[in-house]
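Structural overview
The primary structure of each chain is shown beneath.
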Amino acid sequence: MNDLADKIVLVTGGSGGIGAAIAGQFAALGCRVAIAARDHKKLATAAEKIAENGAQVRAIACDVTRREEVQRLRIAIQELWGDVQILVNNAGIASAVSFADMSDATWDRTLDTNLTGAYNCCKVFLPAMIEANWGRIVNIASTAAKVGYSHVTAYTASKHGLLGLTRSLALETARQGVTVNAICPGYVDDERTRENARIMAEKTGKSDDDILKIFAASAPQNRLIEATEVAALACLMASSQMSGMTGQAINVDGGAVMS
């Protein structure tokens, strides 16, 4: 994947978990990487860690649900390095709550972040890719984009929507040098999974570890997925080796969902 050296990459939701892992792997391949998230402090900490080995990385605070902030993000990266060539839509939230107890605010916030946020970024960054006749969009979806899960109705709906966006956009850009693909992780060993495990534990009377074991057992491999495994696939999707892949949604889930 030496062809990725010096490419300009944007990873949203880059302050931790999957996003930070993806940013780190692109940076290790010699890319110039911008990471964006709402929490500037966490973002700066993530950027400092990635830059320890001399990588080119910049932290830029941005709320992807606000189009004007995404526009400012584009300008900031353009002034720094140029147009974004690889966009990784990773910003997302997930709240574990039953449908009956879920507030309208939770629904709105989840769809705004997970689906409209990706839409905003595609609207802002795709035109330059089309003009250059080269670009990569990698949407971080979930196995919840393919099957339903209890207690995460809003999250599941948003990820199904993200998969639809991926496929339709791939069709429209197929002859314009741009590929659009999705990665569908299962339960990843990160702070989001552990927070949802804590919430589920409180509701069921089980321990956090018990819930994490249940999550792991949902996969035939009986384990949680490492964020670096998702990151490796994101880099492969962006490389010239996968220039013939578009409109695809690839699971990284230990065999939990075989479709």
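Placed above this text is the structure.
Residues numbered from 1 in each chain as written. Predicted model: local features only at pLDDT ≥ 70, side-chain atom pairs only at ≥ 80, totals over all residues. Heavy atoms only, no water.

**Here we look at the overall build of the chain**
For clarity, the cut-off: Secondary structure counts use DSSP, requiring at least four H or I residues in a row for a helix and at least two E residues in a row for a strand, with both numbered from the N terminus. As defined in this context, the radius of gyration uses C-alpha atoms, and a globule is described by 2.2 Å times the residue total to the power 0.38. Partly exposed residues are those whose accessible area sits between 20% and 50% of the maximum for their type, while under 20% is buried and over 50% is exposed, using a 1.4 Å probe and protein chains only. Pairs of residues are marked as contacts when any of their non-hydrogen atoms sit within 4.5 Å. All accessible-area figures derive from a Shrake-Rupley calculation using a 1.4 Å probe, and residue coverage is judged against the displayed protein chains alone. The charge count includes Lys and Arg as positive and Asp and Glu as negative, but it does not include His or the ends of the chains. A charged residue contributes its charge at one atom only: NZ of Lys, CZ of Arg, CG of Asp or CD of Glu.
Within the chain, the regular secondary structure consists of eight helices and seven strands. The C-alpha atoms of the chain give a radius of gyration of 18 Å, which matches the 18 Å a tight globule of 259 residues would have. The dimensions of the chain, computed from C-alpha atoms along their principal axes, are 55 × 40 × 35 Å. For the chain, the proportion of its 259 residues judged to be buried stands at 49%. A fraction of 73% describes how many contacts in the chain between residues 6 or more apart in sequence connect residues 24 or more apart. For the chain, the accessible area works out to roughly 11,800 Å², and carbon and sulfur atoms hold 49% of it. If the 25 positive side-chain charges of the chain are averaged to one point and the 27 negative ones to another, these points end up 3 Å apart.

**Let's talk about unusual backbone geometry**
Although it is not a glycine, D6 adopts a positive phi angle of roughly 75 degrees. With respect to the helices and strands, D6 occurs in the segment before β1 (8–12). Although it is not a glycine, H151 sits at a positive phi angle of roughly 70 degrees. Topologically, H151 is positioned in the loop between β5 (135–140) and α5 (153–173).

**So, the packing of helix α6 (residues 191–204) against helix α7 (residues 208–217)**
Rule in force here: Axis definition: a line fitted to C-alpha atoms, over the contacting stretch in the case of helices. Angles run 0 to 180 degrees between N-to-C directions. Handedness of a crossing follows from how the near helix is turned relative to the far one, being left-handed for an anticlockwise turn of less than a right angle and right-handed for a clockwise one. Residue polarity follows a fixed list, in which Ala, Val, Leu, Ile, Met, Phe, Trp, Tyr, Cys and Pro are nonpolar, Asp, Glu, Lys and Arg are charged, and the others, Gly among them, are polar.
Closest axis-to-axis distance for the α6/α7 pair is 8 Å, and the angle between their directions is 115 degrees. For the pair α6 and α7, the sense of crossing is right-handed. For the pair formed by α6 and α7, the contact residues are T193, R194, A197, R198, M200, A201 and T204 on the first element and D208, I211, L212 and F215 on the second. Among the residues making up the contact of α6 with α7, the classes are represented as six nonpolar, two polar and three charged.

**Things to note about the layout of surface pockets**
Quick note on the threshold: Using a 1 Å grid laid over the protein atoms alone, points where a 1.4 Å probe fits but cannot get out form a cavity; open sets with protein on both sides within 12 Å along at least 5 of 7 lines form a pocket; any residue with an atom within 4 Å of a point counts as lining. Grid points are joined across faces, edges and corners, and a volume is the space filled by probe spheres set on the points.
A volume near 1,100 Å³ is recorded for the largest pocket. Every residue lining the largest pocket is counted, 47 residues in all, and those nearest its centre are G92, I93, A94, R192 and T193. Put simply, the parts of the chain that give the lining of the largest pocket at least two residues each are α1 (17–28), β2 (32–37), α5, α6 and α7. Among the elements that line the lining of the largest pocket, the one with the most residues is α6, at six residues. Quantified by volume, the second largest pocket comes out at close to 200 Å³. Forming the boundary of the second largest pocket are S15, G16, G17, A20, A21, G24, Q25, T45, A46, K49 and I50. By residue number, the principal contributor to the lining of the second largest pocket is α1, which donates five residues.

**As for the packing of aromatic side chains**
We count it as follows: Each pair of aromatic rings taken from Phe, Tyr and Trp, with Trp reduced to its six-membered ring, is defined by centres within 6.5 Å and is described as stacked if the planes are under 30 degrees apart, edge-to-face if over 60, and tilted in the remaining cases. Only Lys NZ and Arg CZ are tested; either one counts as a charge over a ring when it is within 6 Å of the ring centre and within 35 degrees of the ring normal.
In total, this model carries two aromatic pairs according to the counting rule given. Ring centres 4.1 Å apart and planes at 5 degrees place the aromatic pair Y187 and F215 in the stacked group. Highlighted residues: Y187 in the loop between β6 (178–185) and α6 and F215 in helix α7, separated in sequence by 28 residues. A relative accessible area of 29% places Y187 in the partly exposed class. By relative accessible area, which is 10% here, F215 ends up buried. One aromatic cluster is present, built from ring pairs that chain together Y149, Y187 and F215. Positioned above the aromatic ring of W134 is the side chain of K7, whose terminal nitrogen or guanidinium carbon lies 4.0 Å from the ring centre.

**Re the pattern of salt bridges**
Condition: By definition here, a salt bridge exists when the distance from a side-chain nitrogen of Lys or Arg to a carboxyl oxygen of Asp or Glu is within 4 Å.
Counted by the stated rule, this structure contains six salt bridges. In this structure, the salt-bridge partner of R66 is D63, at a minimum N-O distance of 3.7 Å. Residue classification places R66 among the partly exposed positions, given a relative accessible area of 43%. We classify D63 as buried; its relative accessible area is 13%. As a salt-bridge pair, R198 and E195 come within 2.5 Å of each other at their nearest N and O atoms. A residue pair is termed a helical-turn pair when its members lie 3 or 4 positions apart in one helix, as R198 and E195 do in helix α6 at three residues. Each member of the salt-bridge network shares a partner with another, and the members are R38, D63 and R66.

**Points about the sheet that holds β6**
Heads up, the rule is: For two strands to be treated as a pair, DSSP must find at least two bridges joining them.
Pairing in this open sheet of seven strands is parallel, and the strands run β3-β2-β1-β4-β5-β6-β7 from one edge to the other. Each end of this open sheet is capped by a strand with a single partner; those strands are β3 (56–61) and β7 (249–252). Averaged over all pairs of adjacent strands, the angle between their axes in this sheet comes to 20 degrees, without regard to strand direction. Against the sheet, helix α3 (residues 67–80) engages β1, β2 and β3, with an angle of about 155 degrees to β3.

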